[in-house]
Amino acid sequence: MKSDYFKSKLFMRYIWSYLFILLIPLAFATIFIYRSAVSNLQSEIEQSHLNQLNQTKTIIDGRVKELTEIASRISYDERLTLYKVHDPYYSREAISALDNYKATSSIIGDLFLYYHDDDKIYSSFGMSGLDVFSDKYSFHNWTQDGLRQDLNTLKFPKMRPADLVSQPTSLQQSILAYLVPITPNSPAPHGTVMYFIPESELTGLIDSILGSYRGLTYIFDNNGQVLTNNGNEESLTAGDLGALFKLPPGIHNQALNGQSHSVVSVKSDKNGWTYVTLMPSAQFFSSVLHVRSFIILLVSIVVIVGAALALLLARMQYLPISNLVHFASSKSRSSRTSGNELERIRISLQEHSTRADLQEPYARNHALLMLLKYGQTKSLSADLLEAFDLKFDHDRHFAMVIGFDKRSHLHDSKDDWQTMIQLFAEVDFPGLAAKAYSVELPQPNQLALVVGFDPAGAGQTPPFGQMQQIVEGIRTHLLELFDASPVIGVGTAYTSHAHLNQSYIEACSAFESNILTVHGSVTFFEKLSSTPERSTFWIPGNVLLKLSQSLKQGSYDVSEQTLQEALKNLPAAGLSAPHLRLIHYDILTTLLKTASELGIQGLTQDVLSKLNFNSSEELEAICLNLAARICSQVERDRTKEEHSLMDRIVGYIDKHFMEHTLSLEVVSAEYGISPSYLSRTFKEKTGINFIQYIWQKRMNEVMHQLKTTNDPLKEIIVRVGYLDTPNFIRKFKKETGYTPGQYRTLNTSGEHA
C-alpha cells in the first residue's frame, strides 16, 4: 500500500466510513434498508400505474370522442333521415349506412338510431318496435320505461354503467350503453344515437395495469357512479367508493375495508371521468422477502471480515478515483488544487463539458447561417451568441462568399476542405482590428465569412481600403496554405451585424458576377456600380444585381429595401415622364427576368395588365407585390426541394445503410450539399440525427436476422456494416436489456412455443 494514500483525506474518510458502518446496529440497518426497498418498489409500481392510467384515460377519451363524432355524422347523413328510414324503398340503404358507421369503431357492439316519439328503433339489423327491442335486450337495471324516457328526453351525452343484458339467443352479457342526442350540442335534439359497448372492451384496456399484483381498477363517471371495473376480488362499500371518487388526481394511501391500500387516481379533462386503481399495500412487503435475507447475510459477512475488508475496500474505492484525478489534472486548464479529489474531478469535467458545448460545430454554423439569411433575429439571443463564443462588438460588419471552381484541388479534397473550415472558424487580424467567423454554406465548396472590424482613425486608411486589406489577407492566407485561388464576392460593410443579411445578399451578387467573368478573383459589390456594362440609365447596376440576388435567395426584406432605394431618388432627378417610364421598365424587366431564371411562370401577363401606372408610388406597389410573390414562391420551392431531397437521401440511406463506408461526408458528396447542411436538415426531417438513424436501421436489421437466421453473430454484425463487434454488443445490450445471444434465444423460443 502506497504511503501517499494515507496522506489523502478522502482515502482516510473511506476507511472511517467502512469502520463506522460496522458499528451501526444490525437491526436498524436491516429495517431501514428493507423498508427503503419496499418504498422504492411501491413508488416504481405506483408511478408505472399512474402512467398506464393516463394512457388508458387517453385511449378511452379518444374512443368516446370517436363515438360522439359518429353520432354527429349520422345526424347529418341524408340516408338516415326520418323519412328515409321509414320508407321501404330507402330503408335498406339506411340499414347499410348504420352498419358502415358501426364498423368504424372497434368498441361498438351494437348501434341504434331512434327518433323522438317514434315507436320504432333502427339498427344495422333492421327496424324493430321498442317493445320488441326491450324483449330482445332485457337489462337488469334499466326498465323499458326508463329506456323510453332516456331515448326521448336526453339532451346531453350519457354513459350508463355496465349492466347485465339477457338476450334470447345468447348468454347474459355485461354491456355499457352510451347515448348521444342528435344533433349533438343542439338545445332541442330530435333523436338519439345509442351504442352498446361490451364491458370487456373497456376492461380489456385496463386489465394490463395491475400486472401480477392484486387489486382493482374502477372507472367513475362525473357523478361518481361506477361505470365499470376489472373484477370482483374485493367488495367496497358505497362510502369507500365515494371516497375513491373524491380523491384528487395522483398517488394516495387509503384505508379500505380495514386494510391499507395504495391508490392511484387520474381524471379526464374531457368528460370528467375518474380512473382509479387500488392495491393492498401488504403485498409489497411480501415481494421483497429476498431482500431481507440478503441483508442479514451481508451484515453477517461484514461482522466477520469487516475490519480486514475496510482497508481493502477503501483502497479499491480510492484507486480509480486517484487515477482519474491524475488524468483530470493533466487535462484541466484550472490551476486550482484546493478541495478533495472529487471536487477537482468535478471542476475538470465541468470545464470539458463547457468547452464541448461551446465548440458544437453544427449548431454554431446554423446560428451564423440564420444571421446571414435573416439578420439579427429573436432566436439569436445574446446568451446564444455568447454560448457559441460569437462576438459582434466591432463598428463595421460585412459578409464574404468564397468558392472554388472545379479546377481547384479543394473541389475534390474533403480533408483539405474540412481543414480550411476549421482554420477559418475564427480568425483574428490584430493589425487590422478585425475578426472573422466562417459559415459553411449549403452549396458544396462554398463558405461565407462574417467579418467585423473597427475603422482606423482620422487621416488613416478609409474603411473601404481597410476592407480590401482584410480580404487580400484572407486570399493570401488561402494561397499560402492550400495553393488554391478562390473566387470571392464581398458585400458592403454595415454599422450593425443586424444588417449582415444585406451584406450577404450583396456578397452573393458579387460572387455570382465574379464567377461568370473572371475565375480566381475578388469582386466588391460597391465597385459593381462603376462597371459600365453593369449600369443602367440612372440606376446603378449593383442595385439591380442586389435586387435580383435577394429574389433568388427568397429574402423579401432585402428586396423591399433595395426597390425602395432604387425608386426613392427618381422623382427628384427632374426626369421627363418618358425617361421615368423607361427606368421603371428596367426595374420591372429585372424582376421578370429573375422570375424567369427561377422558373416562375405566369407573372408576365399580370404585370402587362398593370403597366398603365401614373406615379412612382403605383410602380413601387406593383414592384413590391411582384417581389413578394417571387420570394414566396422561392421559399415554397426551396421547402419542397428540401423535403424531396431529404426523401431521396433517406431512401439512399435505407438502401445503403449496411455499407460500413456510409458516412455524412459520403452522402453529402453524393447529393452535392455540405455536411453541416445535411446534418441539420436531416434531423429536422427525421427527428433524430444522422448517426442515430443509421444505428437504428442496423440495429433493426440485426434483430431481424437474429430471429430469422442461424448465422454467427459476428457475421451478421459485419454484414450490416458495423465493424466494431464488442462495441455493438455493448450498445445492443444497453438498448434492449439483452445480449444478442440472449435476444436470439428468447425470440427463437417464443416462435417455437
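Note that the coordinates shown come from a computational prediction; the quantities given were computed from them, not determined experimentally.

Enquirer: Any chance you could explain the overall build of the protein chain here in plain terms?
Expert: In terms of regular secondary structure, the protein chain is built from 28 helices and 19 strands. Relative to its 753 residues, the protein chain shows a buried fraction of 44%. Contacts spanning at least 24 positions in sequence make up 61% of the contacts within the protein chain whose residues lie at least 6 apart. Surface exposure of the protein chain reaches about 39,500 Å², of which carbon and sulfur atoms provide 54%.

Enquirer: Explain the sheet that holds strand β17 (residues 446–453) here, please?
Expert: Hydrogen bonds between backbone groups are what pair the strands of a sheet, and the pairing can be parallel or antiparallel. With respect to topology, six strands assemble into an open sheet ordered β15-β16-β17-β14-β18-β19, the strand pairing being mixed. Strands at the two margins of the open sheet, each flanked by one partner only, are β15 (427–429) and β19 (522–524). Put simply, the sheet's adjacent strands are angled 20° from each other on average, direction ignored. In the sheet, strand β14 (residues 396–403) pairs with β17 via eight bridges, with the strands oriented antiparallel. The residue of β17 that forms the bridge with His397 is Gly452. The sheet strands contacting helix α15 (residues 463–482) are β14, β15, β16 (434–440), β17, β18 (487–490) and β19, and the helix crosses β14 at an angle near 35°.

Enquirer: Teacher, can you tell me more about the nonpolar core here?
Expert: The nonpolar side chains of soluble globular proteins are, as a tendency, buried together. Counting 35 residues, the largest nonpolar core has Ile74, Leu80, Leu113 and Tyr195 as the members making the most contacts within it. At the level of elements, α2 (26–76), α4 (91–103), β1 (110–115), β7 (170–182), β8 (191–198) and β12 (259–267) are the ones that each hand at least two residues to this core. A per-element tally of this core places α2 first, with eight residues. Once residues lying within four places of it in the same chain are set aside, the contact partners of Leu80 are Ile74, Val85, Ala94, Ala97, Leu98, Tyr101, Leu113 and Tyr115. Among the nonpolar cores identified, the runner-up in size contains 26 residues, and Ile402, Val451, Met467 and Leu478 belong to it.

Enquirer: What should I look at first to understand the packing of aromatic side chains in this one?
Expert: Pairs of aromatic rings are described using the distance from one ring centre to the other and the angle between the two planes. Following the criterion strictly, the structure yields 23 aromatic pairs and no others. Look at Tyr178 and Tyr195: their rings are 6.2 Å apart centre to centre, the planes differ by 20°, and that puts the pair in the stacked class. Residue Tyr178 is found in strand β7, and its partner Tyr195 is found in strand β8; the two are separated by 17 residues along the sequence. Of the two residues examined, Tyr178 and Tyr195, each falls in the buried class. Considering the side-chain rings of Phe392 and Tyr437, the 5.9 Å spacing of their centres and the 65° angle between planes classify their relative orientation as edge-to-face. Here the residue Phe392 occupies a position in the loop between α13 (382–387) and β14, and Tyr437 occupies one in strand β16, the gap between them amounting to 45 residues. Each member of the pair Phe392 and Tyr437 is classed as buried.

Enquirer: What is the right way to look at helix α23 (residues 664–671) in this model?
Expert: In an α-helix there are 3.6 residues to a turn, and that puts residues three or four apart on one side. The complete set of buried residues in α23 reads Leu664, Val667 and Ser668. Across the axial projection of α23, the buried residues extend over an arc of 100°, all falling on one side. One or two steps after α23, the chain reaches Gly672, where phi turns positive at roughly 65°.

Enquirer: What exactly am I supposed to notice about the pairing of strand β6 (residues 163–167) here?
Expert: Successive residues of a regular strand alternate their side chains across the two faces of the sheet. The alternating pattern of β6 places Asp163, Val165 and Gln167 on a buried face, while none of Leu164 and Ser166, on the opposite face, is buried. Strand direction decides the pairing type here: strand β4 (residues 138–139) and β6, joined by two bridges, are antiparallel. What sits directly across from Phe139, in β6, is Val165.

Enquirer: Can you help me understand the environment of Gln225 in this one?
Expert: Assignment of secondary structure puts Gln225 in the loop between β9 (216–220) and β10 (226–229). According to the relative accessible area criterion, Gln225 is partly exposed, its value standing at 43%. Once the C-alpha coordinates of Gln225 and Gly242 are considered, the two residues, 17 residues apart in sequence, prove to be 8.6 Å apart. Excluding anything up to four places from it in sequence, Gln225 contacts Pro161, Ile219 and Phe220.

Enquirer: Please explain α4 as it appears in this structure.
Expert: For α4, with 13 residues, the first-to-last C-alpha span of 19 Å sits near the 18 Å given by 1.5 Å per residue. Looking only at α4, the buried set comprises Ala94, Ala97, Leu98, Tyr101 and Lys102. In a view along the axis of α4, the buried residues occupy a sector of 140°, so they form one face of it. Exposed residues pointing more than 90 degrees away from the buried face of α4 are listed as Arg92 and Ala103.

Enquirer: Which parts of the structure should I look at to understand the sheet that holds strand β13 (residues 274–280)?
Expert: Taken in spatial order, the five strands of this open sheet run β10-β9-β13-β12-β11, and their pairing is antiparallel. Either end of the sheet is taken by a strand with one partner, and the two such strands are β10 and β11 (250–256). If you compare each strand with its neighbour and ignore which way they point, the axes differ by 25° on average. In this structure, β12 lies alongside β13, joined through seven bridges in antiparallel fashion. Note that in β13 the partner of Val264 across the bridge is Thr277. Together, β9 and β10 form the strand contacts of helix α7 (residues 199–206), whose direction differs from that of β10 by roughly 65°. On the sheet, helix α8 (residues 238–246) packs against β9, β10, β11, β12 and β13 and is oriented at approximately 75° with respect to β9.

Enquirer: Whenever I open this one, unusual backbone geometry confuses me. Can you help?
Expert: Across the chain, the bulk of peptide bonds are trans and the bulk of non-glycine residues have phi less than zero. At the junction of Ile182 and Thr183, the peptide bond is cis and its omega measures out at 0° in the coordinates. Relative to the helices and strands, Thr183 is located in the loop between β7 and β8. Phi angles above zero are rare outside glycine, and Asp117 is one such case at about 60°. Relative to the helices and strands, Asp117 is located in the loop between β1 and β2 (120–123). Owing to a relative accessible area of 74%, Asp117 belongs among the exposed residues under this scheme. Phi at Asn185 is positive, roughly 70°, even though this residue is not glycine. Tracing the sequence through the fold places Asn185 in the loop between β7 and β8.

Enquirer: So what exactly am I meant to see when it comes to the pattern of salt bridges here?
Expert: Side-chain pairing between opposite charges can occur once the charged atoms of the two side chains come close. This model, assessed by the stated rule, comprises nine salt bridges. Arg79 serves as the salt-bridge partner of Asp77, at 2.8 Å between the closest nitrogen and oxygen. Of the residues examined, Asp77 reaches a relative accessible area of 10% and is grouped as buried. Looking at Arg79, the relative accessible area reads 28%, which means it is partly exposed.

Enquirer: Help me out: how do you make sense of the pairing of β17 in this one?
Expert: Of all eight residues in β17, eight are buried; the element is thus mostly enclosed. Of the two faces of β17, the one lined by Gln446, Ala448, Val450 and Gly452 and the one lined by Leu447, Leu449, Val451 and Phe453 are each fully buried. Both β16 and β17 contribute to a ladder of seven bridges, which runs antiparallel. Within β17, the position partnered with Ala434 by the bridge is Phe453. Where β16 folds back on β17, the antiparallel hairpin that results is connected by five residues, among which Asn445 adopts a positive phi of roughly 60°.

Enquirer: Please clarify how the confidence of the model for the protein chain should be interpreted in this entry.
Expert: Regions with low pLDDT carry predicted coordinates that are not meant to be interpreted in detail. Scored by pLDDT, the protein chain has a mean of 78; 75% of the residues are at 70 or more. Mean pLDDT across the secondary structure elements of the protein chain bottoms out at helix α11 (residues 341–358), with 63, and peaks at β8, with 93. Taken together, the stretch residues 531–535 has pLDDT below 50 and engages in seven contacts with residues farther than four places along the chain or on a different chain.

Calculation rules
Residues numbered from 1 in each chain as written. Predicted model: local features only at pLDDT ≥ 70, side-chain atom pairs only at ≥ 80, totals over all residues. Heavy atoms only, no water. Helix = DSSP H or I, 4+ residues; strand = E, 2+ residues; numbered from the N terminus. Buried < 20%, exposed > 50% of the residue type's maximum accessible area, 1.4 Å probe, protein only. Contact = heavy atoms within 4.5 Å. Areas by Shrake-Rupley, 256 points an atom, 1.4 Å probe, with all protein chains shown as cover. Pairing = 2+ DSSP bridges. Axes fitted to C-alpha atoms, helices over the stretch in contact; angles between N-to-C directions. Core = buried A, V, L, I, M, F, W, Y, C linked by side-chain atoms within 4.5 Å. Phe/Tyr/Trp six-rings, centres within 6.5 Å; stacked < 30°, edge-to-face > 60°. Arc of directions from axis to C-beta. Expected span 1.5 Å × (residues − 1). Salt bridge = Lys/Arg side-chain N within 4 Å of Asp/Glu carboxyl O. pLDDT = per-residue confidence, 0-100.

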